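# Close look at the chain arrangement
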Amino acid sequence: MNADPVRRVLLAVLLIAAPHTLVSQERGAIALGEAVQGLGVNTRVLVIGAHPDDEDTFLIAWLSRGRHVETAYLSLTRGDGGQNLIGNELGEALGVIRTEELLAARRVDGAEQFFTRAFDFGFSKDTIDTYKHWPRDSILGDVIRVVRSFRPHVIVAVFSGTPRDGHGHHQVSALLARTAYDVAGDTVRYPVRTFGPAWTPLKFYRNARYDPTGGVTLRFDVGEYSPLLGRSYAEIAGESRSQHKSQGFGAPQRKGPFFDALRREATRVNEAATASRERSIFDGIDTTWTRFRSKVRRRAARAALDSIPRAFAAARTAFEPFAPDRLLGPLTRVQRLLLSVCDRQPGPENPCTRIDGGYVPVDADLERSHAIALSRVDRALGLAAGAALDVAAEREAVTIGGTMRVTSTFYNRSRDTVGIRGPWSPPSEIPVSLFSTLRLVPPGGLVRDSFQTTAITVTTLYWLQWPRVGATFRSIVEDDEQRMQAPQRVEYKATLPRTGAQFTVVQPLVYRFVDQVRGEIQRQVVGAPAIAITLDDQVQYAPANMDIDRELTVYLRSADPRPREVCVTLSLPAGITADSGFRSVRLDGYDAMRSVTFRIRGRLPAGAHRFAARAESDGHVFDTGYELVDYEHIRRQRIYRPAAMTLSAVDVQVPPTLKVAYISGVGDNVAPTLAQLGIPVTAIPANEVARADLQPYTTIVIGPRAYEAHPELVAANARLFEFARKGGTLVVQYGQYEMTQPGVMPYPITLARPADRVTEEDSPVTIEAPAEKVLRSPNRIGASDFAGWVQERALYMPRTFDEHYRAPLSMHDTGEPPNKAAILVAPLGEGLYIYTTLSLFRQLPAGVPGGARLFLNLLSAGLVSPYVSP
């Protein structure tokens with residue numbers, strides 16, 4: 001498809017927006033009341049931050065749900081570089097979780113969601129470091145695309161744009177927000193062909209609730225109570241905020257007054273008015289529909305614009321919760337007036353882009369406001385008419401080129417006859433045949449349709465379809481024809497014969513099933529390969545130049561309802577052989593899962609070595625599979641990856657008496673990597689530490705942030721200290737400020753706020769105490785062991801520590817003083833206590849050899865446990 005450049009840009013911007021689904025929790029009279037209250041509101045606000053969780057949900061809920069302002073949040077990143085309190089996903093998989101959490105939050109507060117191509121590469125201390133990773137012009141270009149697509153009257157930056165933002169990403173988001181405000185209308189620097197039609201925002205604010213030092217322009221009570229909703233906007237904001245479960249950001253649902261604050265920084269209207277005298281962020285902006293009168297020349301269009309405000313008011317007055325059909329007449333009049341503004345009949349797929357005989361392009365503000373008003377009327381008509389649609393597919397996945405039956409049922413729950421055309425799907429990867437005949441559905445009646453659907457391509461997350469380039473995903477513009485993988489939809493076009501009104505009824509194309517505990521579960525229908533093939537891990541370890549004798553398991557999953565015979569083969573590096581050239585297996589039908597195991601033997605030199613698998617069936621080759629991201633609070637997603645694995649062969653020595661107990665922390669995938677190196681590892685749940693038998697172990701490891709995630713571990717900490725005092729080694733990976741609480745560490749430390757970090761993964765490391773056992777036995781640690789690290793060196797490093805601790809390393813970011821708190825070693829009775837803030841929880845799953853060698857030294861650093869024979 002060769003789309004013209006302007007269309008390509010507009011489509012590209014749509015791709016990075018979340019599907020604008022109105023609040024999923026509200027139905028019936030509440031949903032209708034909100035839709036009617038929002039009629040006539042034509043103002044737009046764009047809030048800009050850096051990460052999921054940066055958004056001001058108080059402001060967003062108050063604007064979107066309280067004032068019915070079209071509101072959106074632009075997050076520069078998807079939060080890929082953070083940590084995960086609900087599972088082990090990190091990196092891009094965590095970005096998928098946090099993307100879905102943002103979309104879940106927007107379904108609560110009613111706003112839209114946008115992203116740029118920026119990848120969250122981890123904590124950044126300043127703009128200099130951030131721009132080393134993010135190409136400024138590319139990210140700014142994405143912000144401008146969003147501004148030109150959404151067309152906000154007001155932009156609100158969450159952060160100040162100064163070092164007090166505490167994170168380079170935060171500071172950059174604020175600076176880019178202001179720059180976009182300044183230059184979004186410049187079509188010379190940012191041509192229409194690439195960035196979309198020009199748009200000039202009218203006002204720019206910054207959040208001042210947490211930073212009132214620069215002055216406060218506006219304070220407003222987000223704790224205002226809505227009688228219609230039965231709760232305050234602060235309560236809604238708390239529910240929205242609580243969708244960020246992977247970050248542990250559960251928030252209270254506040255009742256009573258609660259004030260938010262903004263500071264005006266720039267304006268193109270009412271410049272002469274003192275900012276402190278403002279009463280609204282829209283002060284100085286004409287928010288009436290009469291402002292569009294000068295934008296049209298046809299008499300009929302002007303007359304319609306003159307009549308629209310009264311029609312909106314009449315519709316709001318006609319709202320009656322127990323008689324929604326009273327709204328049908330007033331809403332029909334509103335719809336007719338809106339349609340009279342354009343020469344063509346606009347709709348969701350045909351926006352009002354031309355007026356006055358089709359020769360004059362419509363004003364950008366009018367076009368956007370008109371489209372929003374039509375959408376709100378469309379929704380209100382469907383709610384007032386009592387229309388409902390139920391869609392169910394046979395399966396969750398349909399194979400490429402295969403077919404699947406879908407059943408759709410249209411319910412007319414009103415007291416009027418409804419005419420329908422459909423069902424069909426908008427242009428999508430799962431097309432549905434069009435039914436164009438008008439069918440009449442009597443009051444209380446239903447129409448059930450059954451049809452076949454197919455898939456053209458595999459449903460993938462568009463930003464993950466190609467490998468990243470550094471800290472950016474592939475250019476959104478280059479990927480403009482890859483559609484955002486929102487749930488595919490089925491639509492009916494409905495008509496009310498009595499009034500002539502038209503509206504659309506839409507539902508996602510879903511697979512439904514019933515869980516005995518959770519009730520009905522709905523999953524979006526996806527296009528899938530007939531066979532998905534995956535390996536155990538993406539990364540594994542093995543000792544270099546030593547005999548390898550292990551099993552390699554290949555997993556197969558079918559999306560084809562037909563049985564298939566499958567042949568699985570491996571691609572192995574030199575020096576490795578398998579016990580068979582292939583394995584054959586039968587997959588009995590849809591969702592059948594089988595695994596085949598190969599025994600591999602040989603030796604590998606130090607370095608990274610690639611293993612791959614592929615499946616052949618019915619003359620087709622399959623070499624990709626998917627990782628499921630599946631949590632109750634978000635939509636289930638599939639992350640497709642090649643069926644390949646990197647084996648990191650490491651020059652490492654493992655003491656034969658080492659036996660490790662591992663207590664997992666947050667986002668912790670370390671224990672399996674230790675086992676691959678030949679270390680006996682036993683997982684002990686945190687809630688069993690108080691009563692577990694610790695005698696068999698020489699070393700106990702506490703995972704990152706485990707004390708924060710597992711309060712019961714704090715209660716059992718005295719037992720862990722006793723284990724060390726009797727000769728064991730206790731290795732504790734980093735925590736946050738809970739580590740400064742009495743009794744968590746044997747000797748005190750202090751942490752600065754914000755905490756000290758070494759964010760440059762290639763920063764130089766100085767060995768301060770080469771004789772320290774953790775650096776020389778069983779593996780001698782040198783500069784090469786700190787090469788190839790990912791994301792960061794160390795985090796939440798103590799600013800000061802007790803004299804009992806020895807500190808063998810020092811490191812620092814550019815221009816900062818050395819910090820010696822990456823590893824702290826202290827004798828504790830007859831054993832050792834080791835605290836490390838090194839990001840080993842990132843290095844080991846990434847296959848970094850030096851991380852594995854150093855971690856093994858930490859495990860082996862103590863005296864021989866009295867529970868293990870010498």
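The present account deals with the structure reproduced in this document. (Residues numbered from 1 in each chain as written. Predicted model: local features only at pLDDT ≥ 70, side-chain atom pairs only at ≥ 80, totals over all residues. Heavy atoms only, no water.)

## Section: the overall build of the protein
The number of helices and strands found in the protein is 18 helices and 46 strands. Against the 2.2 N^0.38 benchmark of 29 Å for 870 residues, the protein shows a C-alpha radius of gyration of 30 Å, consistent with a compact globule. Considering only C-alpha atoms, the protein reaches an extent of 95 × 70 × 50 Å along its principal axes. The proportion of buried residues among the 870 residues of the protein is 58%. The contacts in the protein between residues at least 6 apart in sequence include a share of 74% that link residues at least 24 apart. In the form shown here, the protein has an accessible surface area of approximately 34800 Å², with 51% of it arising from carbon and sulfur atoms. Positive and negative side-chain charges in the protein, numbering 101 and 94 respectively, have mean positions lying 5 Å apart. (Helix = DSSP H or I, 4+ residues; strand = E, 2+ residues; numbered from the N terminus. Rg over C-alpha atoms; globule rule 2.2 N^0.38 Å. Buried < 20%, exposed > 50% of the residue type's maximum accessible area, 1.4 Å probe, protein only. Contact = heavy atoms within 4.5 Å. Areas by Shrake-Rupley, 256 points an atom, 1.4 Å probe, with all protein chains shown as cover. Lys, Arg positive; Asp, Glu negative; His and termini not counted. Charge placed at Lys NZ, Arg CZ, Asp CG, Glu CD.)

## Let's talk about the sheet that holds strand 3 (residues 112-115)
An order of 3-2-1-4-5-9-6 is seen for the seven strands of this open sheet, with the pairing classed as mixed. For this open sheet the edge positions go to strand 3 and strand 6 (218-221), each flanked by a neighbour on one side alone. Between one strand axis and the next, the sheet turns by 25° as a mean value, whatever way the strands run. Pairing of strand 2 (residues 70-75) with strand 3 involves four bridges; the strand directions are parallel. Across the sheet, Ala 72 pairs through a bridge with Glu 112, a residue of strand 3. Its contacts with the sheet place helix 7 (residues 168-183) against strand 1 (44-49), strand 4 (154-157), strand 5 (203-207) and strand 9 (259-267), and it is angled at close to 170° to strand 5. Packing of helix 12 (residues 364-384) onto the sheet brings it into contact with strand 1, strand 2 and strand 3, and relative to strand 1 it is tilted by some 100°. (Pairing = 2+ DSSP bridges. Axes fitted to C-alpha atoms, helices over the stretch in contact; angles between N-to-C directions.)

## Some remarks on the environment of Leu 94
Locating Leu 94 in the fold gives a position in helix 4 (residues 92-109). Counting along the chain gives eleven residues from Leu 94 to Gln 83, while the straight-line C-alpha distance between them is 7.7 Å.

## Focus on the sheet that holds strand 23 (residues 531-535)
Taken in spatial order, the four strands line up as 23-25-29-27 in an open sheet, and their pairing is antiparallel. At either end of the open sheet lies a strand with only one pairing partner, and these are strand 23 and strand 27 (576-578). Across the sheet, the mean angle from the axis of one strand to that of its neighbour is 30°, orientation sign disregarded. Across three bridges, the pairing between strand 27 and strand 29 (residues 593-602) is antiparallel. Looking across to strand 29, one finds that Thr 577 is bridged to Arg 601.

## Brief notes about the side chain of Asp 129
For Asp 129, the position within the fold is in helix 5 (residues 127-133). Although Asp 129 is buried, it forms no salt bridge, and the closest oppositely charged side chain is Lys 132 at an N-O distance of 5.0 Å. Aside from chain neighbours lying at most four places away, what touches Asp 129 is Phe 121, Phe 123, Ser 124 and Thr 759. (Salt bridge = Lys/Arg side-chain N within 4 Å of Asp/Glu carboxyl O.)

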